[in-house]
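# Report on the structure
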Amino acid sequence: MRPRLVSPLRRAFIRELRRTLVCLCVLVLAAIPAGAGPDQRTKLEPGWDLFSTQDDIKLGRQNSEEAENLLPMLKDERVNSYLDTLGKRLAQFAPGEKYPYQFKCVNIADINAFALPGGFVYVNRGLIQAADNEAELAGVMGHEISHVALRHGTSQVTKALAPSVGVAVIGSVLGDNALGKLVTAVGAFSMNSLLLKYSRTVESEADILGTQIAHDAGFDPHALADFFVVLADVEKKLGVPPEFFSNHPSPEHRIDRVNEEIQKLGGPLPDAKKDSPEFREIRRYLFSLPPAPRAAMVADTDPYGTADAGEKPEAPAEKVQSFENDSFKVQFPGNWKATAQGGSVTLYPAGGVARNEHGVAMLAYGSIVSRFEPRAGATLESATDQLIASLRESNPALEVQRKAEPMRLGGERALSAYFHNDAPIKGKETIWLVTTLRPDGLFYVVSVAPQAEFDHYTKAFEAAVNSLKFRQ
Ligand SMILES: [Zn+2]
């Protein structure tokens, strides 16, 4: 279960947003007099964002640690220091906040690169090997730097959440430790998918600013367009678009837009750089290494990966495994995964996560063990009411099915309640909530499955709840 986007509110919000965007465009056009000079670059700025730039860095750092544990990193000093030097040189020309940029190589053959908020940039080995010259690599790195500088990750989280979370909750979210609370409110799944799955609009922005950055750093900005031609060829050969193209505007459109921006910049600088001996050396060296695996061969690089909607997960295994952190220990079916983030853990089967129509990943089958901060002096009953009220703000279809009844959780007095809610894709889901008051807040386990299948999960959910032990 996740805070859900409320469609009518969301529509109103998008309308509002469009209006704002139109206003901004008019302002920007008005601000640049025609024929003002050779440099008439498109002005781009970060969008609406409820996070601070410090949050971007914190969030990026947390996710970068996780990413580096999961991905096959190319731990090669020579390659990484080349990438880092080139990246930092480019990043100097990024507008706005100065982030602690770092650039690392992932040992994967697929042509791709990605950037986490706050400046953590990853370039696949396959991308460096596919680039014809340093200027092409610089263009792609400029594109990734632009996602960071324009704060596309957290801005996208802000836009997706704001209409559903509501002003009241945002007010409290933005108190101390905004990030932790928002991560709890949104959950690990949504956070990750939102941070990396960009819309076409922001991809196009990253192309435009990336062109400017490569140009300002002294590279021939045509190289980014050249690289799109390389990618289009790869697409023709393989019959599938390379990773760097997925969710991106069509290559023809991107080439046109890059060329348009180069004209606005007054053309490439006379001494614009195309290549360097360092790049050719690194590329030759990479080709000399044992071939990199393809992403699909790397086991489970996406812990939040979702099965196709509509596919039912296999039944929970009788055999159990344990998850343990500083505060509790819990058992769960041996064929499920545990994903921990910020003190919460999500236990779920493969295919237990579904993407809703906004591309936000939501738990459809499984349990979340987490903590809620009630108002000071709350009792178990009133703290549970507060948690339910906060869930209802983002899940307006939430209906009580069975009122809170006493039970035990980890040896402590607890409450158990059942709800119905709209399921992420279609139909209804059943939610079982168990809460207990702990010295550090309201501890809860929330378990969810489609209404029609809930009975098949009752045993697994109850076994997890009954196995829970607090560590102190
Ligand atoms: Zn991009």
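Structure: above.
Anyway, here's the lowdown on the structure attached to this text.

Conventions used here
Residues numbered from 1 in each chain as written. Predicted model: local features only at pLDDT ≥ 70, side-chain atom pairs only at ≥ 80, totals over all residues. Core = buried A, V, L, I, M, F, W, Y, C linked by C-beta atoms within 7 Å. Buried ≥ 20, exposed ≤ 12 C-beta atoms within 10 Å, placed from the backbone. Helix = DSSP H or I, 4+ residues; strand = E, 2+ residues; numbered from the N terminus. Contact = placed C-beta atoms within 7 Å. Pairing = 2+ DSSP bridges. Axes fitted to C-alpha atoms, helices over the stretch in contact; angles between N-to-C directions.

## Some remarks on the nonpolar core
Core analysis: the largest hydrophobic core is formed by 55 residues, its most contacted members being Leu 90, Val 121, Val 123, Ala 138, Met 141, Ile 145 and Ala 214. Looking at this core element by element, the count peaks at eight residues for helix α5 (residues 134-149). Ignoring sequence-local partners within four residues, the contact set of Leu 90 consists of Ala 138, Met 141, Gly 142, Ile 145, Ile 213, Ala 214 and Ala 217. The next biggest cluster of nonpolar side chains, apart from the first, holds 41 residues, and it includes Ala 423, Phe 461, Val 465 and Leu 468.

## Focus: the environment of His 456
In this structure, His 456 sits in helix α13 (residues 454-467). You can call His 456 partly exposed: it has 14 C-beta atoms within 10 Å. His 456 sits 141 residues away from Ala 315 along the chain, and the two C-alpha atoms are 7.6 Å apart.

## Some words on the sheet that holds strand β3 (residues 120-124)
Spatially, β1-β3-β2 is the arrangement adopted by the three strands of the open sheet, whose pairing is mixed. Lying at the two open borders of the sheet, with one neighbouring strand each, are β1 (102-106) and β2 (113-116). Adjacent strand axes in the sheet meet at a mean angle of 20° when their direction is disregarded. In the packing of helix α3 (residues 77-91) onto the sheet, contacts are made with β1 and β3, and the angle to β1 comes to roughly 140°.

## Structural notes on the sheet that holds strand β5 (residues 328-333)
Read from one edge of the open sheet, three strands run β4-β5-β15, paired in antiparallel fashion. Either end of the sheet is taken by a strand with one partner, and the two such strands are β4 (320-324) and β15 (469-470). Relative to β5, β4 runs antiparallel, the two sharing five bridges. For Glu 324, the partnering residue across the bridge sits in β5 and is Lys 329. Against the sheet, α13 makes contact with β4 and β5, and its axis sits at roughly 160° relative to β5, the strand it touches most.

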